[in-house]
Amino acid sequence: MMTITAVFNKLFNLDEGCLFYRFNNADGKIWIMPAKNLRTAMELYQPSGWKGKWMKRGFPLLHKIRMVRSLLHTEKIRCRFDGKLKKLLEKVTDTEELDFSIFCGTPCVHQKITIQLSKGHRILGYCKATDSCEIAALFDNEAQLLNVLHKKGIRSVPECLFCGDLGNGLSIFVQSTTKTSQSKVVHEWGILHDKFLLRLKEATIQEIAFEKSDFCRVLTALQKHTDWLPEEVDKAMVMHAVEDTVKQWEGKHVGFCAYHADFTPWNMYVEQDELFVFDWEYAQMTYPPLLDKYHFFIQTFIFERHWTAQDIMAYVDSPDGKWMDKILFKCYLLDMIARFTIREKGTINGDISRLMQIWSGLLAGLTM
């Protein structure tokens, strides 16, 4: 597997083409934005903290001021598409001389490059690129799942425009979007979120033997790899909770439905009073209904409000948290612990280590 820099160098030519700005945050995430139509380009940037939100609003207005660029630790570079990638993207978007902005991914085992494609002020779609066979399989999963959702009448999700090999050991996924510079990223739960998940449940729910479900598959995978559970979690407590959950449903038929698995403000937006949800690469078709709501709340509690496990449990036990079904919340926590343990194969660090501690603490609070 190449480094993300090696993947980048196969997709783009530096020191050639138009002027771009390169900047990064404290977590090591890197963005590369064109000076041309910068406000549109910055739609790729989805910060959760106030500094990042100021950067998104203010930088397009002040980027020509050298002192501002210096304070924000941005550097000027030149960049253009590699010829093969340019040809493919122009073909699938039916647009010549595309504008683009780049996110070099969250540092983790599934790090990939994401490119926002635009023309002038119009956003046309998004392209993801990797050299990893594991991530390429996620691209295939996303393409197949999006096709299923469209066939079932779910329209407020992207269409897959291309999924396949670019050559040079790279795999590409390209999707459409309805996003505009006027689209809103909503950080508080509302009726549009409820409507979307209810529609998703109604369109995809199916009766299935629990043992054949995706949810059972991930739990049994964890049972086979308990040695991968990190020190941050109480292994005995987690495995006891897994065994209890499996016993609750084994031998039964269950009504499970599609699960996005990363249903957060930064993977959705509102356009013309409709919630549009993207990044379905981790999605599955047979999970307990409405687990995505738990993910939205827990992720915003952690990353935007900076709550601890104790803060979240106080919410769960408060009148505001009455909507939470503790059995489903337990299922959600087990899924997160299991999926990240399997994904990272026991190598846990950074944000994931912190998340594991919180998920484990919440699970302990539910099982006391």
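Residues numbered from 1 in each chain as written. Predicted model: local features only at pLDDT ≥ 70, side-chain atom pairs only at ≥ 80, totals over all residues. Heavy atoms only, no water.

Undergrad: Give a detailed account of the sheet that holds strand S7 (residues 160–167), specifying residues and quantitative values.
TA: The eight strands lie next to each other as S3-S1-S2-S4-S5-S6-S8-S7, forming an open sheet whose pairing is antiparallel. Of all the strands in the sheet, just strand S3 (75–81) and S7 have a single pairing partner and so form its edges. With direction set aside, neighbouring strand axes in the sheet form an average angle of 30 degrees. Relative to strand S2 (residues 30–34), strand S1 (residues 12–24) runs antiparallel, the two sharing five bridges. Of the residues in S2, the one forming a bridge with Asn24 is Ile30. Packed onto the sheet, helix H1 (residues 4–11) meets S1, S2, S3, strand S4 (99–103), strand S5 (113–119), strand S6 (122–130), S7 and strand S8 (170–176) and runs at close to 140 degrees relative to S1. (Pairing = 2+ DSSP bridges. Helix = DSSP H or I, 4+ residues; strand = E, 2+ residues; numbered from the N terminus. Axes fitted to C-alpha atoms, helices over the stretch in contact; angles between N-to-C directions. Contact = heavy atoms within 4.5 Å.)

Undergrad: Which residues make up the nonpolar core, and what are the values?
TA: Counting 77 residues, the largest nonpolar core has Val238, Trp280, Phe329, Tyr332 and Trp359 as the members making the most contacts within it. If sequence neighbours within four positions are ignored, Tyr332 has contacts with Tyr259, Leu291, Tyr294, His295, Ile298, Gln299 and Trp359. Residues Cys79, Ile102, Leu117 and Cys127 belong to the second largest nonpolar core, which totals 26 residues. (Core = buried A, V, L, I, M, F, W, Y, C linked by side-chain atoms within 4.5 Å. Buried < 20%, exposed > 50% of the residue type's maximum accessible area, 1.4 Å probe, protein only.)

Undergrad: An account of the sheet that holds strand S9 (residues 206–209) is requested, with residue identities and associated values reported.
TA: If you trace the three strands from one edge of the open sheet to the other, you get S9-S10-S13, paired in antiparallel fashion. Either end of the sheet is taken by a strand with one partner, and the two such strands are S9 and strand S13 (284–287). For this sheet the average axis-to-axis angle between neighbouring strands, irrespective of direction, equals 50 degrees. Note: S9 against strand S10 (residues 253–259), four bridges, orientation antiparallel. Looking at the pairing, Gln206 lines up with Phe256 of S10.

Undergrad: Can you break down the pairing of S1 residue by residue, with the values?
TA: Sheet topology places S1 next to S3; eight bridges connect them, and they run antiparallel. The partner of Phe12 across the bridge, within S3, is Phe81.

Undergrad: Break down helix H13 (residues 350–367) for me, with residues and values.
TA: Counted at 1.5 Å a residue, the expected span for H13 with its 18 residues is 26 Å, and the 26 Å between its end C-alpha atoms agrees. Where H13 is concerned, the buried positions are Ile352, Ser353, Leu355, Met356, Ile358, Trp359, Ser360, Leu362, Leu363 and Leu366. Where H13 is buried, its residues touch helix H9 (235–249), helix H10 (291–303), helix H11 (309–316) and helix H12 (326–344). (Expected span 1.5 Å × (residues − 1).)

Undergrad: An account of a nonpolar patch on the surface is needed here, citing residue identities and associated values.
TA: Together, Ile65, Met67 and Leu71 make up a nonpolar patch on the protein surface, roughly 350 Å² of accessible area in all. By secondary structure assignment, the location of Ile65 is in the loop between helix H3 (50–62) and helix H4 (66–71). (Patch = residues over 30% accessible without salt bridge, like charges linked within 9 Å, V, L, I, M, F, W, Y side chains within 5 Å. Areas by Shrake-Rupley, 256 points an atom, 1.4 Å probe, with all protein chains shown as cover. Salt bridge = Lys/Arg side-chain N within 4 Å of Asp/Glu carboxyl O.)

Undergrad: Could you give me a rundown of the packing of aromatic side chains, with the residues and numbers involved?
TA: Within the structure shown, the criterion is met by 41 aromatic pairs. When the centroid spacing of 6.3 Å and the interplanar angle of 85 degrees are considered together, the rings of Trp266 and Phe303 count as edge-to-face. Remark: Phe303 occurs in helix H10 and Trp266 occurs in the loop between S10 and strand S11 (268–271); sequence separation between them is 37 residues. Ring geometry for Phe340 versus Trp359: centroids 5.3 Å apart, planes at 50 degrees, classification tilted. Of this pair, Phe340 sits in helix H12 while Trp359 sits in helix H13, placing them 19 residues apart in sequence. Overall, the relative accessible area of 14% leaves Phe340 in the buried class. Classification of Trp359 as buried rests on a relative accessible area of 0%. Stacked on the ring of Trp323, the Lys or Arg Lys293 has its end atom at 4.5 Å from the ring centre. (Phe/Tyr/Trp six-rings, centres within 6.5 Å; stacked < 30°, edge-to-face > 60°. Lys NZ or Arg CZ within 6 Å of the ring centre and 35° of its normal.)

Undergrad: Describe the packing of helix H8 (residues 214–224) against H9, with residues and values.
TA: For the pair H8 and H9, interaxial distance at closest approach is 10 Å and the crossing angle is 140 degrees. H8 and H9 meet at a crossing whose hand is left-handed. Taken together, the residues of H9 that come into contact with H8 (itself represented by Phe215, Leu219, Leu222 and Gln223) are Val238, Met239, Val242, Glu243, Thr245, Val246 and Trp249. Here the residues of the contact of H8 with H9 are counted per class, giving eight nonpolar, two polar and one charged. (Left-handed = near helix turned anticlockwise from the far one by under 90°. Nonpolar A, V, L, I, M, F, W, Y, C, P; charged D, E, K, R; others polar.)

Undergrad: Give me the side chain of Lys56: which residues, what numbers.
TA: With respect to the helices, strands and loops of the structure, Lys56 is situated in helix H3. From its side chain, Lys56 meets the backbone oxygen of Tyr45 in a polar contact 3.2 Å long. Ignoring anything within four residues of it in the chain, the contact list for Lys56 reads Met42, Glu43, Tyr45, Gln46 and Pro47. (Polar contact = N/O pair within 3.5 Å; in protein donor to acceptor, adjacent residues only side chain to side chain.)

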